[in-house]
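Analysis of the macromolecular model
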Amino acid sequence: MTDQTMPPVTDYETAAERCKAELRLWLRLLSCTNLIENAVRGRLRETFDVTLPQFDLMAALEREPNGLTMGELSRRLMVSSGNVTGVTERLVAEGLVVREPSPSDRRAFLVKLTPAGRRAFLAMAMVHEGWIADFFDDLPGEDVEALMALLGKVKQAVHAKTRNGKETP
């Protein structure tokens, strides 16, 4: 199917005209996020046979070569420690990460990428970056910069009004 024959994208979020503009904007942001995330999930699975949580965990570890504790991974990925444990166990079984005792806390383990895990992640990250660039390829650079600036303002405003996801008094 060419671009000219593609059916139009249904715009459910703007169809709710009785809703305030801010709610429609939130729904639009959520819709875009879900579309991109679902595409990335499918491509990671098809291309590399990894899940998005596995990719995200490896990305967090790639940024921290000395490793992270399970608790740190849980906080950074914003998921439960049980979820981190399951993802970590699968990556350990595949030889992509290791768990080592923490030198500073005998009760904790550090999770680190193995050399094979680092190579695998870097290969995935390059392809992933291309996918993301492709999603935004039709936007001129100035639109990307403007959108970044506007979303930065949104992020600051939400951060100022919340603390750890809870409304501040």
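Sequence order as written defines residue numbering, which begins from 1 separately in each chain. pLDDT decides what is reported in this predicted model: residues at 70 or higher carry local features, side-chain atom pairs at 80 or more are listed and counted, and totals for whole chains, interfaces and linings draw on all residues regardless. Side-chain metrics in this entry use all non-hydrogen atoms of the structure; hydrogen atoms and water are not considered.

In a regular helix each residue adds 1.5 Å, so 28 residues correspond to 40 Å; helix H2 (residues 21-48) covers 40 Å between its end C-alpha atoms and thus fits that length. Numbering of helices and strands runs from the N terminus, with a helix taken as a DSSP run of H or I at least four residues long and a strand as a DSSP run of E at least two residues long. One or two steps after H2, the chain reaches aspartate 49, where phi turns positive at roughly 55°. Here the expected length of a helix is defined as 1.5 Å per residue gap, with one fewer gap than residues.

Below, the discussion takes up the nonpolar core. Nonpolar core, defined: a set of buried Ala, Val, Leu, Ile, Met, Phe, Trp, Tyr and Cys residues in which side-chain atoms within 4.5 Å join the residues together. Relative accessibility decides the category of a residue: with a 1.4 Å probe and only protein chains considered, values under 20% of the type maximum give buried, values over 50% give exposed, and everything between is partly exposed. Of all hydrophobic cores here, the largest spans 23 residues; its most connected members are Leu44, Leu57, Met58, Leu61, Leu73 and Leu91. The biggest single contributor to this core is helix H3 (residues 52-62), with seven residues. The contact criterion used is simple: two residues touch if any of their non-hydrogen atoms lie within 4.5 Å. Those residues in contact with leucine 57, other than ones at most four positions away along the chain, are Leu73, Leu77, Val84, Val87, Thr88 and Leu91.

Here the focus is unusual backbone geometry. Across the chain, the bulk of peptide bonds are trans and the bulk of non-glycine residues have phi less than zero. The backbone phi angle of aspartate 49 is positive, close to 55°, even though this residue is not glycine. Note on placement: aspartate 49 falls in the loop between H2 and H3. By relative accessible area, which is 53% here, aspartate 49 ends up exposed. We note that methionine 78 has phi near 55°; this positive angle belongs to a residue other than glycine. On the secondary structure map, methionine 78 appears in the loop between helix H4 (70-77) and helix H5 (81-93).

Bringing the sheet that holds strand E3 (residues 109-113) into the picture now. Pairing in this open sheet of three strands is antiparallel, and the strands run E1-E3-E2 from one edge to the other. Of all the strands in the sheet, just strand E1 (68-69) and strand E2 (97-101) have a single pairing partner and so form its edges. Strands are labelled as partners when DSSP assigns at least two bridges between them. Summarising the sheet, E1 and E3 pair through two bridges and their orientation is antiparallel. When the bridges of E3 are listed, leucine 68 appears paired with valine 111. Fitted lines through C-alpha atoms give the axes, limited to the stretch in contact for helices. The angle between two N-to-C directions lies from 0 to 180 degrees. Sitting on the sheet, H5 touches E2 and E3, and the angle it makes with E2 is about 110°.

Geometric descriptors of this kind do not, in isolation, establish any biological role.
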